[in-house]
Structures are given as C-alpha cells and as structure tokens.
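The chain contents come next:
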Amino acid sequence: MRTILFILEKEFRQIFRDPTVLRLMLLMPVIQLIVLPMAADYEVKNIRLVVLDHDKSTYARQMVSKITSSGYFLLDGSMSNMASAMNEVEHDRADLVLEIPADFEKNLVRENNSQVFMAVNAINGVRANLGSAYLSTIIRDYNESIRLKWIQQPRSNPEPRIETTNSNWYNVHMNYRQFMVPGILVILLTMVGAILSALNIVREKEIGTIEQINVSPIRKHHFILGKLIPFWIMGQFVLTMGLTVARVVYGIVPAGSYGLIYLFSSVYLLAILGLGLLISSYVQTQQQAMLISFFIMMVSILLGGLYTSIESMPVWAQYITRFNAVSYFIEVMRMVVLKGSGLRDISRHLYTVMGFALVLNTWAVLAYSKRQ
Amino acid sequence: MHIWRDKRTLFILFGMPIAQMLIFGFALTNEVKNSRIAVLDPSKDQYSTRLVERISASNYFDLQDNLHNPADIDKAFKKGDIRAAIIFPEHFMDQLLHSKSVAIQIIADASDPNIATTVTNYANAIIRDFQDDLLNNPSYPYTIQTNVRMLYNPQLKGAFNFVPGVMSMILLLVCTMMTSVSIVREKELGTMEVLLASPSRPGLVIAAKALPYLFLSIINICTILLLSVFVLELPIRGNLILLMAESILFIITALSLGLLISIITDSQRTAMFISLVGMFLPTLMLSGFMFPIENMPKPLQIISNIVPAKWFFIIVKAVMLKGLGLAAIWKETLILFGMTAFLLLVAMKKFKIRL
C-alpha cells in the first residue's frame, strides 16, 4: 500500500510540474464544450432554392410564394436560363433548382396536367432526398388547393382519412444541445483520458526513466495502479467541469441522477485508461502511441452513435460498435440525462464496460511485465 | 532518415488511412435505416395488421416489440430498445370505414432529435402511402407532376458526402500530428542543439523536416483516391492533376500548421495534445461534412472559416464529384494558399526568436 502512495506522489508531481499540459487538459474540453454543440444541427432547413419561372403566370407566382413562405427554403434568386441556375449549384450557392416551364398554367387549365422540374444537388444524399420531398409536398398541397377551387361541388362522401399525430418524448422542444452536449462531453473525456495514459509509460521509455523503475522493487500491478489512479482522478475532474458547463451554460439538468453518471464514468475511465496503458506498453515512441490512439479514437468516435445512427450501419460495423466503449457511454448519457433511466436500465452497459476494464487492465499489466 | 528507420511508425502511417477510409466509407451514412420500433395495436383487425406489416417490411424500420398496454411504452423507451412507438386506436378499421377518420399516434424518442424527425417523417410517409392505396383512384383532374433529377449522385449514396469529408479530416490530422511532433522531439532529445549549431539556415532545417512527410502524404493521397474509385465506387469527374495539385497544397497547409505547433510547444505531449484533442472535434464538426454550415449560428459560421478542412472539402467535392475546373474553386485555393503563407511566416518568426 505504501509503495502505491509513493508512486502516486511521483505521478502527481510529474503532472503538476508541467503546467502547460495541465492547462490544456482542463481548458480545451471546456472551451470546446461551450462552442461546438451549437454547430450540431443537421435538420434539413435553409435549403437554398433557385426558381426558373418561364411561365410567369398567376399560378406559378402563387406556387413560388407558397414555397418560400414554408420556412424550409431560402429563395436565392430567380434566374432566366438553366445554365446560370446550374452555375449557382456548381458554386455551392444553391441546393435546388425549380424549373416552371412556359405554358404551366395553360396546360394545367386546358389539359388537366402540367409539369414542373427539379434538379437537386445530391452529393449529400439525405439532404437532397428530404429537400426534394419537402418541395414535392408543398407543391402537392398547392395542387390540392387549386383542385378544390375548380371542383366546386361539396363532397357528399368524403374519402376516409388516417390522421397521424406525432409526439416527441424526452425532449419535447427537439433541442439539439440536450443531446449533443452530453455526447461531446463523453468524447472529450475519452480523448483526454486515452491520450494522457497512452503517452505515459512510453514517455518514461523515451526519456529512459523506465529503467530506474524496472530496477526498483516496485511490483508491476503497483506500477500500473500508480499510473491509473492520478488519471482517473483527473478524468472525474474533467467530467465534473463538463457537467457544470452543461448545467450553467446550457441549463441541462439530468432527468436521472448524477450519482449514476459518476458510477458509470468511474468504470468507464478504468476501461479507457487501461486501453491507453495497453497502447503505451506496446509501442516504442510517443509518436507511435499518438498515431495508434488517434486511429482508435477516430473509429470509436465516428462509430459511437453520436453523429450517425448505429442501426443504419452495415452489420459488420455494428459488430465493431459492440466492442466500442464510447458508444456505451454515449448511450448511457443519453438514457440518464434525457430519459431518466435508472440503474437497472443501464446495468447491461455497466457490466459490459466493466468487462472491458477488467480485460484491458489485466492485459496491460501482463504486457508491461513481459518487457522487463 | 529518421522516418525510414522506424518501420513500425511507417506501417501505421500507411495502414491507418486505408483502414479508416474503408471503415468510414462503408459504415458512415446519415441515412436512418432499421430503426427499432414498437407497435401497440389493440384492434388487430385486417387494416391495422396490413399497415403494421407494411411498416415492418420497409427497410427503414425493424419491428422489435408488440406492446400490449400503454404503460409498457415508457419502459420500452427507457431501456433504450426502441426509437419510436406507433399507437393504433381500438377498432381501427371500423372507425376508418364508418366515421371516415381515424388517428394513429407516433411517439418518437427525441433524445436524438435528428433521428426522431427522420423516423417520424418516414412513418408518416408509409401511412400516407397506405391511405393512398386504400383510396385507389389515380386520375385526379388538374394535376401538377413533379419530376426530380438528382445531380451528381443519382443513387443518393452516403459515401459521396462522407468520403471527401473523411479524406480531408484524415489528411489534415495525420499531417499536422506527424510534423507537430517532429521538431519538438528533437528539442526533447537534445539533438536540436546539434542542428542549430550546424551551418544550415533555419528555413532549410524547417523545410528538411517537412519534406519527408510531404512525400509520405502524397503516397497516402494516391492510396485514398485509388480506394475511393475502385472500392467505394466514387467517380473522379474532374481533372486528376488538378485534384492532386489541390491535395498537395492542402497537405502543405497541414504540414505548416504542424510545424507551427511544433515550434511553439516544448514537449511532445503538449504538441500532441494541441494537434489531437484541440483539433479533432473542431475539424469534425465545423468542416461542413457532418453538419451543414448554413444551420450554424453566425459566430460559428465565421469560426468555421479558419478550419482548413472546410475549404479542402469544398474543393474535393467540386473537382471530384462535380467535375469542375480551377475557375470554380480559385477562391478556395487562394484561401488555402493564404493560410499556408501565414502559418509558415509565423513559424519562421517564432523559430528565429528561439535561436
């Protein structure tokens, strides 16, 4: 026990001796947590629209004003020919071109049938799909209203209609920040923890101080524990600051209990730090440690379910996410903060991450001792 | 010489971008598919079962649970099992046929608002289709037909958006990280003194540090492009030479950024911290490939301008997918040039001060 205390003293001294890293470690997550969640809104709105109106009839004008008043579209301008409209799309000044052919009104009245054309920038497929669907819906509604004007007789036998009512639970106002802030906090916590611990042992190797520890009577698991505990405490501290920012800046108060978040984070941090130490004991230079942790971080963050949904991924990628501790914590955060889930609801996540922590740390101890 | 000596680093450097392009090219999509849903259908008549079948047959939804009483809804959500619940009323068919109107309730788990909106839209669309089929009278008078043409990406593949995004992200981060460590490493090991004492000019030292990484990154660009064309089936519609030239410019921007970080820090740990923790999320979130920049509040739109990946993302989309020439992207190119010049200038200045 006393050896651990000595190692702890050494580790803490090393951390506090380097105030730049300490400042970065505390400031960077806080700043990013304040700024970045505001960027995270991928609702399809503000679609920039160019209208090519060759008809210039009353109907065409009515339809366009109906589209612009819907709130989804920003009218970028009216062009007179297709080439200049496509030019707008090419230069990323417009997402969607609506072309109303000449004789639009005449065909509609005389031949009962008229056409409009849409060209959508589909590089972002989902945005293109939803944008054109919105536009089609508005045109269909407009179509409906014309029809009602022309067919005067009241319907004696109305068609059966299915009404749908939509409700959004757990986040009634559809506030993106409620969802993104806890998620981003998890990512920041993970990066800080994993990188610090990954750089740690290898740094001693590079500087050469690892030899001194190897020849001293310190036991391997004492050494690993001595490395783990300081970072674990720092991690909890970063989490606390993050939760404070969430509460003060964004007014996010968990529907569940803070205790549960800390319970999970204490297990989670063990897993992440274990991963870092494992990387650290296998590589020879800090550069390698950084590259490997960058690779693992990027995969686990992008596949973590915060940015894109896990169910939409191909099956093999879903298997990868089962071994991704980040996705478990993001889900737990979402459950506890937004839905108020209790201990029983998250027990599966807790046990899984506990398993990760156990395996990774045991492995780290073994990997370290091999190198002696 | 330093670089070649270290076989393991070299292996990681080449292997990593390949693995990442493959994983993200296939796995990332902001489409919402296979969402797990639960259905509460107390009527279980002919129409309601048909509608449920239609919903679960679509590849947007995955029917997870048949609930039996309203109290179970909350439980199912809290366990995190389902994204949405669809609630039918009792006597669905009777109400539809006799009172001509019936209500279905869709409850979405809005703890992820993006997915909630999409899931609700899909469910509504399926129900509307179902209703149209029931009505079954196709020829209305006064019909406006809409013809939609999807430009550049007619199959609406997710990779068209994500590949240029991931490409700019990987290039920027890997290049910056590698160089940011290079000079500071010499400082830590003490070999910097040797270099400075030698008669070579500081500019030369800096250039010599960056060159091998430039070379490595060009190889990486080639593998990434080969992968995108042959494995991810993306077209290169524009001029390949232009694309390469722009990529090299972007790499130089990233290398200069790395050099600057390397010069202003004094330990590898600090350098890595800035280039990884400091740059990862801002690049991911502000470059425009994850979240549309138009949706961001004004201050963030302005901040996004200093993210080099944003400009390269625009360039890659324009040259590779839209097939445009230099005339369309001269502004973005100029911005990258400007950034590079600025970064190099600051780096030189700081470097001399330390002499």
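Since the structure is predicted, the reported quantities are computational estimates derived from the model, not experimental observations.

Aromatic ring pairs: the centre-centre distance and the angle between the two ring planes describe each pair. Here the structure, examined in full by the defined rule, presents 11 aromatic pairs over all chains. Look at Tyr328 of chain A and Phe356 of chain A: their rings are 5.9 Å apart centre to centre, the planes differ by 70°, and that puts the pair in the edge-to-face class. Of this pair, Tyr328 of chain A sits in helix H13 (residues 325-339) while Phe356 of chain A sits in helix H14 (residues 343-370); the two residues are 28 residues apart in sequence, bridging distant segments of the chain. The pair Tyr328 of chain A / Phe356 of chain A is uniform in exposure class, with both members buried. Members of the aromatic cluster, connected to one another through ring pairs, are Phe264, Tyr268 and Phe329 of chain A. Lying across the ring of Trp311 of chain B, Lys310 of chain B places its NZ or CZ 4.6 Å from the centre.

Quick look at the domain arrangement of chain B now. We note that the domain assignment places domain 1 (2-28 + 158-350) and domain 2 (35-151) within chain B. Relative placement of domain 1 of chain B and domain 2 of chain B: their C-alpha centres are 46 Å apart.

Glancing now at the confidence of the model for chain A. Overall, the predicted model of chain A reaches an average pLDDT of 80, with 92% of residues at or above 70. Taken element by element, chain A is modelled with least confidence in strand E5 (residues 161-169) of chain A, mean pLDDT 69, and with most confidence in helix H10 (residues 258-282) of chain A, mean pLDDT 89.

Size of an interface, as often reported, equals the accessible area lost when the parts are brought together. Along its sequence, chain A is organised into domain 1 (2-40 + 176-367) and domain 2 (47-150). For domain 1 of chain A versus domain 2 of chain A, the distance between C-alpha centres works out to 50 Å.

Once that is clear, we can look at the side chain of Thr283 of chain B. Residues and elements named next belong to chain B. Along the polypeptide, Thr283 turns up in helix H11 (residues 268-286). A distance of 2.6 Å separates the side chain of Thr283 from the backbone oxygen of Met279, its partner in a polar contact. Those residues within four positions of Thr283 in sequence are excluded, and the remaining contacts are Met169, Leu172, Leu173, Val307 and Ala309.

Glancing now at H13 of chain A. Residue and element names in this part refer to chain A. Taking 1.5 Å of rise per residue, 15 residues should cover 21 Å, and H13 covers 20 Å from first to last C-alpha, within 8% of that figure. Counting buried residues in H13 gives 14 out of 15 residues, a clear majority hidden from the surface. The N-cap residue of H13 is Asn324: its side-chain oxygen and the backbone nitrogen of Val326 are 3.0 Å apart. Directly after H13, the chain includes Gly340, whose backbone phi takes a positive value near 70°.

Turning next to a nonpolar patch on the surface. On the surface, Trp316 and Ile320 of chain A together with Phe26, Leu226, Phe230 and Val231 of chain B cluster together to form a nonpolar patch covering roughly 590 Å² of accessible area. If you list the elements that add at least two residues to the nonpolar patch, you get helix H12 (315-322) of chain A together with helix H9 (202-230) of chain B. Structurally, the position occupied by Phe230 of chain B is in helix H9.

Each value, and the rule that gives it
Residues numbered from 1 in each chain as written. Chains lettered and ligands numbered in written order. Predicted model: local features only at pLDDT ≥ 70, side-chain atom pairs only at ≥ 80, totals over all residues. Heavy atoms only, no water. Phe/Tyr/Trp six-rings, centres within 6.5 Å; stacked < 30°, edge-to-face > 60°. Helix = DSSP H or I, 4+ residues; strand = E, 2+ residues; numbered from the N terminus. Buried < 20%, exposed > 50% of the residue type's maximum accessible area, 1.4 Å probe, protein only. Lys NZ or Arg CZ within 6 Å of the ring centre and 35° of its normal. Domains from an automatic or database assignment. pLDDT = per-residue confidence, 0-100. Polar contact = N/O pair within 3.5 Å; in protein donor to acceptor, adjacent residues only side chain to side chain. Contact = heavy atoms within 4.5 Å. Expected span 1.5 Å × (residues − 1). Patch = residues over 30% accessible without salt bridge, like charges linked within 9 Å, V, L, I, M, F, W, Y side chains within 5 Å. Areas by Shrake-Rupley, 256 points an atom, 1.4 Å probe, with all protein chains shown as cover. Salt bridge = Lys/Arg side-chain N within 4 Å of Asp/Glu carboxyl O.

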